[in-house]
Protein chains: 2
Amino acid sequence: MTDNIGNNNDNLNLDALFIGDKAENADLFKTTLIKLVNEHMGWRKNYMPQDEPLISEDEKTSESFKSTVNKMNAVLDELSVRLRTNSVPWHSPRYFGHMNSETLMPSILAYTYAMLWNGNNVAYESSPGTSQMEEEVGKDFAKLFNFNHGWGHIVADGSLANMEGLWYARNVKSLPLAMKEVKPELVEGKSDWELLNMSVDDIMDILNSQDDKTIDAIKAKSARGGVDLSKLGKWLVPQTKHYSWMKAADVVGIGLDQVVPVPVDDNYRLDVNELEKTINKLVAEKTPILGVVAVAGSTEEGAVDPVDKVVELRKKLMKQGTYFYLHVDAAYGAYARSLFLDEDGNFIPYDKLQEVHQKYGDFQENKEYISKDVYNAFKAISEAETVTVDPHKMGYVPYAAGGIAIRNITMRNIISYFATYVFDKRSKAPSMLGAYILEGSKAGATAAAVWTAHRVLPLNVSGYGKLIGRSIEAANRYYDFLNDLSFDINGQKIEVNPLTKPDFNMVDWTFNVKGNKDFAKMNSLNLAFYQEASFVKGPIYNNDFITSHTDFAKDGYGDSPEAYVKSLGFTHDDWENEKAVGILRACVLTPLLYDKDNFAEYAGKIKSAMAEKLSKILNQMK
Amino acid sequence: MTDNIGNNNDNLNLDALFIGDKAENADLFKTTLIKLVNEHMGWRKNYMPQDEPLISEDEKTSESFKSTVNKMNAVLDELSVRLRTNSVPWHSPRYFGHMNSETLMPSILAYTYAMLWNGNNVAYESSPGTSQMEEEVGKDFAKLFNFNHGWGHIVADGSLANMEGLWYARNVKSLPLAMKEVKPELVEGKSDWELLNMSVDDIMDILNSQDDKTIDAIKAKSARGGVDLSKLGKWLVPQTKHYSWMKAADVVGIGLDQVVPVPVDDNYRLDVNELEKTINKLVAEKTPILGVVAVAGSTEEGAVDPVDKVVELRKKLMKQGTYFYLHVDAAYGAYARSLFLDEDGNFIPYDKLQEVHQKYGDFQENKEYISKDVYNAFKAISEAETVTVDPHKMGYVPYAAGGIAIRNITMRNIISYFATYVFDKRSKAPSMLGAYILEGSKAGATAAAVWTAHRVLPLNVSGYGKLIGRSIEAANRYYDFLNDLSFDINGQKIEVNPLTKPDFNMVDWTFNVKGNKDFAKMNSLNLAFYQEASFVKGPIYNNDFITSHTDFAKDGYGDSPEAYVKSLGFTHDDWENEKAVGILRACVLTPLLYDKDNFAEYAGKIKSAMAEKLSKILNQMK
């Protein structure tokens, strides 16, 4: 029965899987919710049915009982007031802001249902049902990246998954030094430089060939002991480095001093030429490269780094004796790999892609939404050692549900705190998962929510591909809309300048008064627009268009924004003086604006809302 | 209005706050749930009421829509089958196993409600409502430990909170070395040894007296840079060290080699004499002490370490120039501090305690359930630098909800990744919480669930005190029950030997055949009993008594279990040969067995269930 669940999506209608912008599916949600709640209540009641209830009907009508219920309700009323007052209306197609959106109704239902059991996936024993589900979800992750001998698990969030990736990198890269100390014949004839440049697979092959006692002895002399951390070398991240990478380097003891930023290009993607230069310079100084991070879907631009070129570079460098660990931070973009996998999990050839997408209805229009660059980048993720994947982002699963996939399953032994054989025989999952991952206790309900989402929408073109397709198509519609957009506000012309054609589903843009040559003034205009289009200026529930804002500052982005700034008519000196360009940023997650007619309807509304805000701002700026 | 919510608990009836062992409050739960869901749906619908729904009634009756709903329901049915088959019936008073129990109905409802908005507390902007709640919960944590200038926040789980504590310790203790490098006059005349033994408050006072630029320069030269990690010294943990401490030392780069186990006494509490000896030995070798961990509520015995004596020792050692960071791992026990706080948050004098508990009805019987040792230990937590507190354990909040409290609020700046002034002015909370904590994205729903629990049950004798009281009283009843218990199984006498009088709510015991002098055989008997009383032997739903099992092994516990083993009639040699004693372990969390009559009713059932299992085992052992 389970087997059928994962497939057979010919007739999928995604609109049935969300509550809806106007709560169109509220009745469906409530009916299913109550059905599930009843099933839980029946389960409670029928465990040892001979036992009498301990809470009597008499007690339930007592004064203290009633007053306690009143109190609970008063607190819940206050909760309701506060949430309805201070929440973001991301369910509406008028929301073009942060990474918030509708989540999958089946996931919300599954979470709620599983929460009634309150399983803790730290150990198999206390949560057999949801522990099995997490194991299955981990296999889904591995399959998503074509990791044929990999595994994966749920993590509280992407920052922690990144940290776990760095922890893996640190410990695995330190093993050869430990081998040299514990059993030198394993790495005989290798210099320290060579030891620090061994490939992960070679390291693991040697380790796995040893008996348990030797493995434990080598592990004890690895970086987990607190040794050799400073010998492992540099951790290279894209220049636009997300603060989570700084934090990860701090926490795992590698240190901020070892983090080396690599410039991004005009499309805000990691510049592989610069990466090669950086590596060559370090290698010339005999500084090892601990690892490189490539990002698949940056949080500010949705940029997809050329993972394929990083992998190519690694192959090239291996020949000259340099090896770096590769972690792909696909917290944001990972689920988009579903767009490239057929129902058997094979990566679809690029020249077949549009045809397949048409067959499955992943996009409404037959356009080349996916560039070859992005395609190649996603394809090459299969070569990374570890990948961050966040179900709570493009998986449309409620927070908090992050994840990680590990290409070589045997790597989990090098960070584990129990002997390898501590596995539950029925599920082949670790019986004490907490000893194999960064975290400890974790909600079984999260595993249930992700598992349910993956069973309703398999991670390929027939399932998640359709949902991600909707998001990308809506983003492209929004990009085209902005490209054609301009305003005439009481005689003042406002131009609209999108940043780049989106790699994915993030659309950035700026407004400028036509002819304005004052860069600072343009920045003020966009900041003011953001304030009008966010919680900053009064109750957000009354706001009819909402977006977000970010600064591309020289300190962080280097000069990569300069090309865009110049394209708007500003000069090198303007850029040098301001040192930042303020950007409006839309993360287009809504599952409803992929549709041409729906989009057209909202385009008019959004244009009016923007015009009204601009008018107000220009009046105030006078 | 909110102000009233937190107090006025004269007439509190805890039975109204749980779904109940027989789903007695199922109707209340469902009615409230649907009311809340309707409130969310109304909110969705009424945001910009002029917008037409994008999912039409026609579409909802289409074939594809219906088949997608069918698919969703099929997956949810499968989920239901798997959860009902493979879950643990902790809702029943027949469950005396792991840390699983009923959770507070208001928390489940709050989580479900808030999840519909899917806020992410990583940043204030995307979750204003729940971010404010997390700030308030953080203040609750600080108040729980009488941290008058502290703060706190929610963490995914206790392992991560412990890791965050160690991260804090590492970075703060490294600051004096950084000061010496950046601005030597700040620490003029101090030797490196003195720098490594400065108190946390002294360090923070100096740092806080500097301007932002200097602070940033000092931070950059602290351990976050990856330097000085090996100079900071040893991290001392109780001998029974939970693997989360090994993992934490590994991850934060301090290293397992720096973890020093300190023996526990016969009551499985940290032995402060041994601690002093260990420290003196290290100091004599000029090895600094990075920090000491005391545990308030060990996971295996519920033992509460003498935090007061550790604090006293620290005061004594300070006079001779030694200072260690103190982290209290109260993941399990923290909420029990509510039993000692009056409604104004003041710590109640010991000689008034029973009187106050009687006044508030925290215990049904007027007995000395709380020993002076345990009282003193809880009192002294106010002197720790950081404390782990898990709402998902004794807070009766659903997983995953951990937490941490920090005594000196200014410490958060030393681990932060943004300038200190990045605070939201309305809430005084960090506008980007993710830059001030170990994690990144986190469910706003968790904050709502904990906030709601704290508003219904304030963290003092009038609220949580009553709930924790129920648990402790039930544990004591169970302990007394075991003390009086013995079996006659077809002529064979079985004796029951509780381990220690519980510090808290964990009761450990063993069975032995009367007169049996074969230690290995006793271990086999208890292991077999566990297998009969757990998922190991077939479907758990059909099992009428469930408990858990743990091994007290020499490798880990040293010889602390020897006294217990000898008390059962075995010898020193028996202990040396077996090197472990298998223990049955009940974490008594049920909120219903505090009652004398209820307990008596279940005592009979449990005794029969135990007898049946023992009989089966003895038959098989023949």
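All of these numbers come straight from a predicted model, not from anything done at the bench.

**Some thoughts on the overall build of chain A**
Scanning chain A from terminus to terminus reveals 23 helices and 13 strands. For 622 residues, the compact-globule estimate of 2.2 N^0.38 gives 25 Å, and the C-alpha radius of gyration of chain A, at 26 Å, lies within 12% of that figure. A principal-axis box enclosing the C-alpha atoms of chain A has dimensions of 80 × 80 × 50 Å. Relative to its full complement of 622 residues, chain A shows a buried share of 69%. Long-range contacts, defined here as pairs at least 24 residues apart, represent 75% of the contacts in chain A between residues at least 6 apart. Counting every atom, chain A has about 20,500 Å² of accessible surface; 48% of that belongs to carbon and sulfur.

**Some thoughts on the UniProt feature "domain: L-tyrosine decarboxylase C-terminal" (unreviewed entry) in chain A**
The positions UniProt marks with the feature "domain: L-tyrosine decarboxylase C-terminal" (unreviewed entry) are residues 474-614 of chain A. Note that residues 474-614 of chain A is 43% helix and 25% strand, and that its end C-alpha atoms are spaced 24 Å apart.

**A closer look at the side chain of Glu24 of chain A**
Relative to the helices and strands, Glu24 of chain A is located in the loop between α1 (2-5) and α2 (26-46). With residues near it in sequence (within four places) discarded, Glu24 of chain A still touches Ile19 of chain A together with Pro53, Leu54, Ile55 and Lys60 of chain B.

**As for the packing of aromatic side chains**
Residues and elements named next belong to chain B. By the definition in use, this model includes 60 aromatic pairs over all chains. Judged by centre distance (6.0 Å) and plane angle (75°), the rings of Phe481 and Phe599 are edge-to-face. With Phe481 in helix α18 (residues 464-483) and Phe599 in helix α23 (residues 596-621), this residue pair connects regions lying 118 residues apart in the sequence. Phe599 carries the same exposure label as Phe481, and that label is buried.

**Comments concerning the packing of α2 of chain A against helix α5 (residues 105-115) of chain A**
Residue and element names in this part refer to chain A. Viewed as axis vectors pointing N to C, α2 and α5 meet at an angle of 25°, and their least axial separation amounts to 10 Å. One finds that α2 runs roughly parallel with respect to α5. Where α2 crosses over α5, the handedness of that crossing is right-handed. Facing Leu28, Phe29, Thr32, Leu33, Leu36, Glu39 and His40 of α2, the residues of α5 in contact are Met105, Ile108, Leu109, Thr112 and Tyr113. Considering only residue class, the contact of α2 with α5 consists of eight nonpolar, three polar and one charged.

**Brief notes about the environment of Met133 of chain B**
Mapped onto the elements of the fold, Met133 of chain B is located in helix α6 (residues 128-144). As a C-alpha pair, Met133 of chain B and Arg412 of chain B span 279 residues in sequence and 19 Å in three-dimensional space.

**Points about the interface of chain B and chain A**
Facing the 176 residues of chain B at the interface are 176 residues of chain A. In this assembly, chain B packs against chain A so that about 14,900 Å² is buried in total across both faces, 62% of it on carbon and sulfur atoms. For the interface between chain B and chain A, the tally reads 14 salt bridges. In terms of residues, the side of chain B that touches chain A owes the most to one element, helix α4 (residues 63-85) of chain B, which gives 19 residues.

**Topic: the sheet that holds strand β8 (residues 402-406) of chain B**
Residue and element names in this part refer to chain B. Read from one edge to the other, the open sheet built from seven strands follows the order β2-β8-β7-β6-β5-β3-β4, with strand pairing classed as mixed. Pairing within the sheet leaves two strands with one partner each, and these edge strands are β2 (151-155) and β4 (259-262). The mean inter-strand angle of the sheet, taken between neighbouring strand axes irrespective of direction, is 20°. Sheet strands in contact with helix α12 (residues 272-284) are β3 (234-238), β4 and β5 (289-295), and its direction is about 165° off that of β3.

**Some points on the pattern of salt bridges**
Going through the model one piece at a time under the given rule, you end up with 70 salt bridges over all chains. Across the pair Arg269 of chain B and Asp503 of chain B runs a salt bridge whose closest N-O atoms are separated by 2.6 Å. In this pair, Arg269 of chain B is assigned in the loop between β4 and α12 and Asp503 of chain B in the loop between β10 (492-498) and β11 (506-513), connecting sequence segments 234 residues apart. There is no split in this pair, since Arg269 of chain B and Asp503 of chain B are both buried. The salt bridge partner of Glu473 of chain B is Arg477 of chain B, with a shortest N-O separation of 3.7 Å. On the criterion of helical spacing, the pair formed by Glu473 of chain B and Arg477 of chain B is a turn pair, its members being four residues apart in helix α18. One exposure class covers both Glu473 of chain B and Arg477 of chain B, and it is buried. Salt bridges sharing partners connect three or more residues here, namely Arg82 of chain A together with Glu136, Asp140 and Arg455 of chain B.

**Thoughts on the sheet that holds strand β5 (residues 289-295) of chain A**
All names here are of chain A. The seven strands are arranged β2-β8-β7-β6-β5-β3-β4 in an open sheet whose pairing can be described as mixed. Looking along the sheet, the strands with just one partner apiece sit at the ends: β2 (151-155) and β4 (259-262). Sheet twist, expressed as the average angle between the axes of neighbouring strands with direction ignored, equals 20°. Two strands pair when backbone bridges link them, and β5 and strand β6 (residues 325-330) are joined in this way by five bridges, in the parallel orientation. Counted as the bridge partner of Val293 is His327 from β6. This element, helix α13 (residues 307-319), spans β5 and β6 of the sheet and lies at about 175° to β6.

**Focus: the nonpolar core**
Grouped together as the largest cluster of nonpolar side chains are 329 residues, with contacts concentrated most on Tyr478, Phe511 and Met610 of chain A together with Tyr478, Phe511 and Met610 of chain B. Here this core gathers at least three residues from each of two domains, domain 1 (158-389) and domain 2 (469-621) of chain A.

**Thoughts on the relation of the copies chain B and chain A**
Under the fitted operation, chain B is carried onto chain A by 0.0 Å of movement along the axis and a turn of 180°, and the coordinates agree to an RMSD of 0.0 Å. When the rotation and shift are considered jointly, the pair of chain copies conforms to a two-fold rotation axis. Comparing contact sets, 100% of the residues at the interface of chain B also lie at the interface in chain A, consistent with an isologous, same-surface contact.

**Some details on the domain arrangement of chain A**
All names here are of chain A. Looking at the assigned domains, one finds that chain A contains domain 1 (158-389) and domain 2 (469-621). Taking the mean C-alpha position of each, domain 1 and domain 2 sit 34 Å from one another. Buried surface at the junction of domain 1 and domain 2, both sides included, amounts to about 2,300 Å², of which 50% is carbon and sulfur. Applying the counting criterion to the domain 1 and domain 2 interface returns three salt bridges. Counting across the interface, domain 1 meets domain 2 through 13 residue pairs in polar contact (both at pLDDT 80 or more). Taken together, the residues of the side of domain 1 that touches domain 2 break down into eleven nonpolar, eight polar and eight charged.

**Examining the UniProt feature "modified residue: N6-(pyridoxal phosphate)lysine" (unreviewed entry) in chain A**
Per the UniProt record, "modified residue: N6-(pyridoxal phosphate)lysine" (unreviewed entry) is annotated on Lys393 of chain A. For Lys393 of chain A, the position within the fold is in the loop between β7 (386-389) and β8 (402-406). For Lys393 of chain A, a relative accessible area of 16% corresponds to the buried category. Sequence-distant contacts of Lys393 of chain A, defined by excluding residues within four places in its chain, comprise Met99, Ala331 and Tyr332 of chain A together with Ser441 of chain B.

**Considerations on the environment of Ser615 of chain B**
Residues and elements named next belong to chain B. The topology assignment puts Ser615 in helix α23. For the pair Ser615 and Gln492, spaced 123 residues apart in sequence, the C-alpha separation works out to 9.5 Å. Setting aside chain neighbours within four positions, we find Ser615 in contact with Ile489 and Asn490.

**Some words on the pairing of strand β9 (residues 486-489) of chain B**
Each regular strand shows side chains that alternate between the opposite faces of the sheet. Residue and element names in this part refer to chain B. Here β9 shows a buried face lined by Phe487 and Ile489 and an unburied face lined by Ser486 and Asp488. Sheet analysis places β9 next to β10, joined by four bridges and oriented antiparallel. Within β10, the position partnered with Asp488 by the bridge is Lys493.

**Details of unusual backbone geometry**
A negative phi holds for most residues other than glycine; trans holds for most peptide bonds. Cis rather than trans, the peptide bond between Tyr399 of chain A and Ala400 of chain A has omega equal to -10°. Among the structural elements, Ala400 of chain A can be located in the loop between β7 and β8. In the Ramachandran plot, Met48 of chain B falls in the positive-phi region, its phi being about 50° despite a non-glycine side chain. Its location among the elements puts Met48 of chain B in the loop between α2 (26-46) and α3 (57-60).

Scoring rules and cut-offs
Residues numbered from 1 in each chain as written. Chains lettered and ligands numbered in written order. Predicted model: local features only at pLDDT ≥ 70, side-chain atom pairs only at ≥ 80, totals over all residues. Heavy atoms only, no water. Helix = DSSP H or I, 4+ residues; strand = E, 2+ residues; numbered from the N terminus. Rg over C-alpha atoms; globule rule 2.2 N^0.38 Å. Buried < 20%, exposed > 50% of the residue type's maximum accessible area, 1.4 Å probe, protein only. Contact = heavy atoms within 4.5 Å. Areas by Shrake-Rupley, 256 points an atom, 1.4 Å probe, with all protein chains shown as cover. UniProt positions renumbered as here; feature names shortened; annotations may be inferred. Phe/Tyr/Trp six-rings, centres within 6.5 Å; stacked < 30°, edge-to-face > 60°. Axes fitted to C-alpha atoms, helices over the stretch in contact; angles between N-to-C directions. Parallel < 35°, antiparallel > 145°, perpendicular 65-115°, else oblique. Left-handed = near helix turned anticlockwise from the far one by under 90°. Nonpolar A, V, L, I, M, F, W, Y, C, P; charged D, E, K, R; others polar. Buried area = accessible area lost by both parts, 1.4 Å probe. Salt bridge = Lys/Arg side-chain N within 4 Å of Asp/Glu carboxyl O. Pairing = 2+ DSSP bridges. Core = buried A, V, L, I, M, F, W, Y, C linked by side-chain atoms within 4.5 Å. Domains from an automatic or database assignment. Least-squares fit on C-alpha atoms with pLDDT ≥ 70 in both. Polar contact = N/O pair within 3.5 Å; in protein donor to acceptor, adjacent residues only side chain to side chain.

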